[in-house]
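Each chain, letter by letter, is given below.
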Amino acid sequence: MNPVVPGFVGGLFCMGFAVIGLIFLRYWRRTREALFAAFAIAFWLLAIGQAVTAFLGVGHENQNGAFLLRLAAFTVILAAIVRQNFSRRE
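Sequence order as written defines residue numbering, which begins from 1 separately in each chain. Owing to the predicted nature of the model, reporting of local features is limited to residues with pLDDT of at least 70; listing and counting of side-chain atom pairs is limited to 80 or more, with chain, interface and lining totals taken over all residues. Hydrogens and water molecules were not included; the side-chain quantities draw on all heavy atoms of the structure.

**Remarks on helix H1 (residues 4-31)**
We count a stretch as a helix when DSSP gives it H or I for four or more residues in a row; a strand needs E for two or more, and each element gets its number in order from the N terminus. Between the first and last residue of a helix there are one fewer steps than residues, each counted as 1.5 Å, and that sum is the expected span. Here H1 contains 28 residues, and its C-alpha end-to-end distance of 41 Å stays within 8% of the 40 Å for a straight helix at 1.5 Å per residue. The buried label applies to any residue whose accessible area, calculated with a 1.4 Å probe on protein chains only, is under 20% of its type's maximum; exposed applies above 50%, and partly exposed to all values in between. Of the positions making up H1, those classed as buried are Gly-10, Cys-14, Gly-21 and Phe-24. Pairs of residues are marked as contacts when any of their non-hydrogen atoms sit within 4.5 Å. On its buried face, H1 is in contact with helix H2 (34-56). Taken from the residues just after H1, Arg-32 is the one with a positive phi, measuring 60 degrees.

Right under this line is the structure:
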């Protein structure tokens, strides 16, 4: 495999995560729902993690600390969903 391809694909994923974060930011600005802000933050964390993995050229993602960013992103999403569900019951 060409050594440029994994970096290119990693850059594509990074750009995709960042754009999705911007879309959720636009929804948050319209509605002021905290869930949309949390999703925007989570996708930006995923973009940063993907950028770190792609630009450092790490072969296996579990060999660097970028998986901690992914863990933080999914924790933000989970906390926002739980908060949204409990705030509707009140």
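**Quick word on a nonpolar patch on the surface**
Together, Val-4, Val-5, Phe-8, Val-9, Leu-12, Phe-13, Met-15, Val-19, Ile-23 and Tyr-27 line one region of the surface with nonpolar side chains, adding up to about 870 Å² of accessible area. Tracing the chain through its elements places Leu-12 in helix H1. Candidates for patches are residues over 30% relative accessible area with no salt bridge; among them, like charges are joined within 9 Å and nonpolar side chains (Val, Leu, Ile, Met, Phe, Trp, Tyr) within 5 Å. In these tables, accessible area is a Shrake-Rupley quantity obtained with a 1.4 Å probe, and a residue counts as shielded only by the protein chains included in the view. Whenever a carboxyl oxygen of Asp or Glu lies within 4 Å of a side-chain nitrogen of Lys or Arg, that contact is scored as a salt bridge.

**Focus: the packing of H1 against H2**
Every axis in this analysis is a line fitted to C-alpha atoms, fitted for helices over the stretch in contact. Angles between the N-to-C directions lie between 0 and 180 degrees. With their axes 8 Å apart at the nearest point, H1 and H2 run at an angle of 165 degrees to one another. Our classification of the angle between H1 and H2 gives roughly antiparallel. Classified by chirality, the crossing of H2 by H1 is left-handed. Here the contact of H1 with H2 is composed, by residue class, of 21 nonpolar, 6 polar and no charged. Orientation labels follow simple angle bins: below 35 degrees gives roughly parallel, above 145 gives roughly antiparallel, 65 to 115 gives roughly perpendicular, and whatever is left gives oblique. A clockwise turn of the near helix away from the far one marks a right-handed crossing, whereas an anticlockwise turn of less than a right angle marks a left-handed crossing. Put simply, Ala, Val, Leu, Ile, Met, Phe, Trp, Tyr, Cys and Pro go in the nonpolar bin, Asp, Glu, Lys and Arg in the charged bin, and everything else, Gly too, in the polar bin.

**Description of the packing of aromatic side chains**
Between rings of Phe, Tyr and Trp, where Trp is taken as its six-membered ring, a pair exists when centres lie within 6.5 Å; planes separated by under 30 degrees are stacked, by over 60 edge-to-face, and by other angles tilted. If you walk through the whole model with that rule in mind, you get 6 aromatic pairs. An aromatic cluster is built from Phe-17, Phe-24, Tyr-27, Phe-36, Phe-39 and Phe-43, whose rings are joined through pairwise contacts. Positioned above the aromatic ring of Trp-28, the side-chain terminus of Arg-32 is 4.4 Å from the ring centre. As a reminder, the over-ring test applies to NZ of lysine and CZ of arginine, requiring each to be within 6 Å of the ring centre and within 35 degrees of the ring normal.

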